[in-house]
Amino acid sequence: MMQTLTVGLGGRSYPIHIGSGLLGHAELIQKHVPHGRVAIVTNTTVAPLYLEMLQKSLQSIAVSNVPVILPDGEEYKNSDTLNLIYDALLKYRCERSTPLIALGGGVIGDMTGYAAATYLRGVPFIQIPTTLLAQVDSSVGGKTGINHPLGKNMIGAFYQPQLVLADTDTLNTLPDKELAAGLAEVIKYGLIRDLPFLDWLEQNIEKLLARDTATLQFAIARSCQNKAEVVAADERESGERALLNLGHTFGHAIESGMGYGNWLHGEAVAAGTVMAADLSQRMGWISAQEVARIRGLLERAKLPVVAPDLGADKYLELMGLDKKVEGGKMRFVLLKEVGRAVVEGNVPQQQLRQTIQACCGGVPAELPGSRRRPSGGGAHG
Ligand SMILES: NC(=O)c1ccc[n+]([C@@H]2O[C@H](COP(=O)([O-])OP(=O)(O)OC[C@H]3O[C@@H](n4cnc5c(N)ncnc54)[C@H](O)[C@@H]3O)[C@@H](O)[C@H]2O)c1
Ligand SMILES: [Zn+2]
C-alpha cells in the first residue's frame, strides 16, 4: 500500500510516494525520464544493498543508468566529492534532461541535490532516501548543499526535487542508532506543530523501534505532511520554517563541541530538545511535567536526553557560532505549549545558563560510544 503526498509549491510542486517495495516500481519515475537515461548517485554502503534492485527496476521500463558511487560519510560531503559527481556526469555526457537520482541518506541527498542544481545550470533531481532521517526530513523541502572546512552546510542552494520515493523496506538494513536518530526528527514534528501526532508517537514508539512496516509508514507520511506544509508556507525560511530547528541550536553546539562524528545529529538534537524544553519551562511557558513527558518519549526512543558537560561558557561560545544567529542576537526555537513552537529572540542569559547547568550532566564518559563518521549539524528543514 502506497501513500502519496504533495509538496505544494505552485509550478514546482512534487509528490512524495511512501510505501513498501517502491524501489521495484520505477514506473513511478518514468515520466521524469524523457530520454531513457538517468544518473544514480549513491555510496559504498548503500550501493551493495540497493543499487542493483533499482537498476533492475529501471531496466524493466527501458531506462539506462550511469551509477556514481561515492565514499560514505559526512566527512566526504565536500567540494572534492561533489567534483567526482560532475566528473562522472561529464564523462558520460549526461545532458540537461538527464535526471540525477539520489539513492542514500541525507549526505547523498544533499550532495546530489546540489550537483543537480548546478550541473549544466540545473538538471532534474529525484530523491530516493534510504535512512529514516532522510525519509522524514532531508529529502523533502529542497535544501541542498555541501560542507565547507569552516562550517557545515555552508555552500548550497534551494533546489526542489521532481519527486521523492521513500521505500520503507530500505529501513530494515539501517543500524539501530540511525533509526533512533531519525526518530528525534519525527518527534520534533509532534512537538512543534502536531500534538495528536505526539500522542500517537507515545502509543507507538516501541512498534517504530521494532520497525513495524505499517507503523513506520504512518510516521513517515505524517512527518512528511508536516514538513511539506511548513515548506509550502515558507520555502526559503523567512519565518515558520525556522521552527523545524527545535533542539538544533543546542544540538549543533553538542555536535561540534564533542567533535563531529561522536554524536549522531539526531542524538544531539534529542538532548538539545530536552534543553529547549527546559528553557521553555524557565520562560514560564510549559510545566515541569511537560518537560518530563518530552524527555520520557525521547528516552523510550533510545535517544540520549542528557547533554555532555562542556561547561556553560563553552556552550554559549558554540551557540554564538550558530548560523541562525542574526544581528548578534541569539534566537531560540522554544515551546509556547507542547505542540506549538515559537522563535524567541529575548532569552535572558541567566535562564539560558540555568538550562545548560541543569541539562548537561553527561560527561564524555557517558558518550554513547565513539563513531567512525561525523554527522548532522547545519540547519534543517
Ligand atoms: N537538506 C535538509 O533539509 C537536511 C535536513 C536534515 C539533515 N540534512 C543532512 O543530512 C545528513 C544526515 O543524513 P543521514 O542521517 O541520513 O546520514 P547519512 O546520509 O550519513 O546516512 C547514515 C548512514 O547510514 C548509511 N545508510 C543509508 N541508508 C542505509 C540503509 N538503508 N541501510 C543501511 N545503511 C544505510 C549511510 O551510508 C551512512 O553510513 C547531514 O549531512 C545533514 O546535514 C539535510
Ligand atoms: Zn535535524
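Our structure is the block above this text.
The rules we used
Residues numbered from 1 in each chain as written. Chains lettered and ligands numbered in written order. Predicted model: local features only at pLDDT ≥ 70, side-chain atom pairs only at ≥ 80, totals over all residues. Heavy atoms only, no water. Helix = DSSP H or I, 4+ residues; strand = E, 2+ residues; numbered from the N terminus. Buried < 20%, exposed > 50% of the residue type's maximum accessible area, 1.4 Å probe, protein only. Contact = heavy atoms within 4.5 Å. Areas by Shrake-Rupley, 256 points an atom, 1.4 Å probe, with all protein chains shown as cover. Lys, Arg positive; Asp, Glu negative; His and termini not counted. Charge placed at Lys NZ, Arg CZ, Asp CG, Glu CD. Salt bridge = Lys/Arg side-chain N within 4 Å of Asp/Glu carboxyl O. Core = buried A, V, L, I, M, F, W, Y, C linked by side-chain atoms within 4.5 Å. Phe/Tyr/Trp six-rings, centres within 6.5 Å; stacked < 30°, edge-to-face > 60°. Lys NZ or Arg CZ within 6 Å of the ring centre and 35° of its normal. Expected span 1.5 Å × (residues − 1). Arc of directions from axis to C-beta. Pairing = 2+ DSSP bridges.

1. Focus: the overall build of the protein
Phase 1: Check the secondary structure of the protein and you find 12 helices and 11 strands.
Phase 2: In terms of overall dimensions, the protein has a C-alpha envelope of 60 × 40 × 40 Å along the principal axes.
Phase 3: Looking at the 381 residues of the protein, the share that counts as buried comes to 59%.
Phase 4: Pairs at least 24 apart in sequence give 76% of the contacts found in the protein among residues at least 6 apart.
Phase 5: Carbon and sulfur atoms form 51% of the exposed surface of the protein, whose accessible area is close to 14800 Å².
Phase 6: A gap of 4 Å separates the mean positions of the 36 positive and 38 negative side-chain charges of the protein.

2. A few points about the pattern of salt bridges
Phase 1: Summed over the entire model, instances satisfying the criterion amount to 20 salt bridges.
Phase 2: Note that Asp 176 and Arg 211 form a salt bridge whose closest N and O atoms lie 2.7 Å from each other. Taken together, the residues span a long stretch of sequence, with Asp 176 in helix α5 (residues 176-193) and Arg 211 in the loop between α6 (195-209) and α7 (213-233) at a distance of 35 residues.
Phase 3: In this structure, the salt-bridge partner of Asp 199 is Arg 293, at a minimum N-O distance of 2.7 Å. Taken as a pair, Asp 199 in helix α6 and Arg 293 in helix α10 (residues 288-300) lie far apart in primary sequence, 94 residues in all.
Phase 4: Overall, Asp 199 belongs to the partly exposed group, its relative accessible area being 35%.
Phase 5: With a relative accessible area of 28%, Arg 293 lands in the partly exposed category.
Phase 6: Beyond isolated ion pairs, a larger network of salt bridges with shared partners links Asp 137, Glu 185, Lys 188 and Lys 227.

3. Here we look at the nonpolar core
Phase 1: In this structure, Ile 187, Ile 254, Met 275, Tyr 315, Met 319, Leu 352 and Ile 356 are the most contacted members of the largest nonpolar core, which totals 77 residues.
Phase 2: Take this core: its biggest share by element is 9 residues, from α5.
Phase 3: Ranked by size, the runner-up nonpolar core spans 23 residues in total, among them Val 41, Ile 85, Ile 108 and Val 123.

4. Some thoughts on unusual backbone geometry
Phase 1: Of note, the phi angle at Leu 120 is positive, near 50°, even though the residue is not glycine.
Phase 2: Positionally, Leu 120 belongs in the loop between α3 (106-118) and β6 (125-129).
Phase 3: By relative accessible area, Leu 120 is classed as partly exposed at 35%.
Phase 4: Positive phi, close to 55°, is recorded for Asn 153, a residue that is not glycine.
Phase 5: Along the chain, the position of Asn 153 falls in strand β8 (residues 151-158).
Phase 6: When its relative accessible area of 18% is taken as the criterion, Asn 153 is described as buried.

5. What to know about helix α8 (residues 248-257)
Phase 1: Extensive coverage of α8 is indicated by the burial of 8 of its 10 residues.
Phase 2: Listing the buried residues of α8 in full gives His 248, Thr 249, Phe 250, Gly 251, His 252, Ala 253, Ile 254 and Glu 255.
Phase 3: On its buried face, α8 sits against α5, α9 (265-282), α11 (312-320), β10 (332-337) and α12 (349-359).
Phase 4: Just past α8, the residue Gly 259 takes up positive phi, approximately 90°.

6. Things to note about the environment of Ala 292
Phase 1: If you trace the backbone, Ala 292 turns up in helix α10.
Phase 2: A sequence separation of 162 residues divides Ala 292 from Thr 130, and the C-alpha atoms of the two residues are 32 Å apart.

7. Remarks on the packing of aromatic side chains
Phase 1: Within this structure, the stated rule accounts for 4 aromatic pairs.
Phase 2: Ring geometry for Phe 197 and Trp 200: centres 5.8 Å apart, planes at 25°, overall stacked. Placement of the pair is Phe 197 and Trp 200 together in helix α6, with a separation of 3 residues, close to one helical turn.
Phase 3: Measuring from ring centre to ring centre gives 4.5 Å for Trp 200 and Phe 218, while their planes differ by 40°; the resulting arrangement is tilted. Placement of Trp 200 in helix α6 and of Phe 218 in helix α7 is noted, with a sequence separation of 18 residues between them.
Phase 4: Every member of this aromatic cluster is reached through a ring pair, and the members are Phe 197, Trp 200 and Phe 218.
Phase 5: Sitting over the face of the ring of Tyr 189, Lys 188 holds its NZ or CZ atom 5.2 Å from the ring centroid.

8. Overview of helix α2 (residues 79-91)
Three- or four-residue spacings in an α-helix give side chains the same orientation, since the helix completes a turn every 3.6 residues.
Phase 1: Spanning 13 residues, α2 covers 18 Å between terminal C-alpha atoms, matching the ideal 18 Å at 1.5 Å per step.
Phase 2: Along α2, the residues classified as buried are Thr 81, Leu 82, Ile 85, Tyr 86, Ala 88 and Leu 89. All buried residues of α2 fall inside an arc of 160° around its axis, so they share one side. Facing away from the buried side of α2, by more than 90 degrees, are the exposed residues Asp 80, Leu 90 and Lys 91.

9. With respect to the pairing of strand β2 (residues 14-19)
Phase 1: Within β2, 5 of the 6 residues are buried, which leaves the element mostly enclosed by the surrounding structure.
Phase 2: Connecting the antiparallel pair strand β1 (residues 3-7) and β2 is a turn made up of 6 residues, with Gly 10 showing a positive phi of about 55°.
Phase 3: Note that β2 and strand β9 (residues 163-167) share 4 bridges and pair parallel. Bridge pairing links His 17 to Leu 165 in β9.

10. Describing the side chain of Asn 226
Phase 1: Topologically, Asn 226 is positioned in helix α7.
Phase 2: The class of Asn 226 is buried, set by a relative accessible area of 4%.
Phase 3: The residues contacting Asn 226, other than those within four sequence positions of it, are Tyr 189, Arg 193, Asp 194 and Phe 197.

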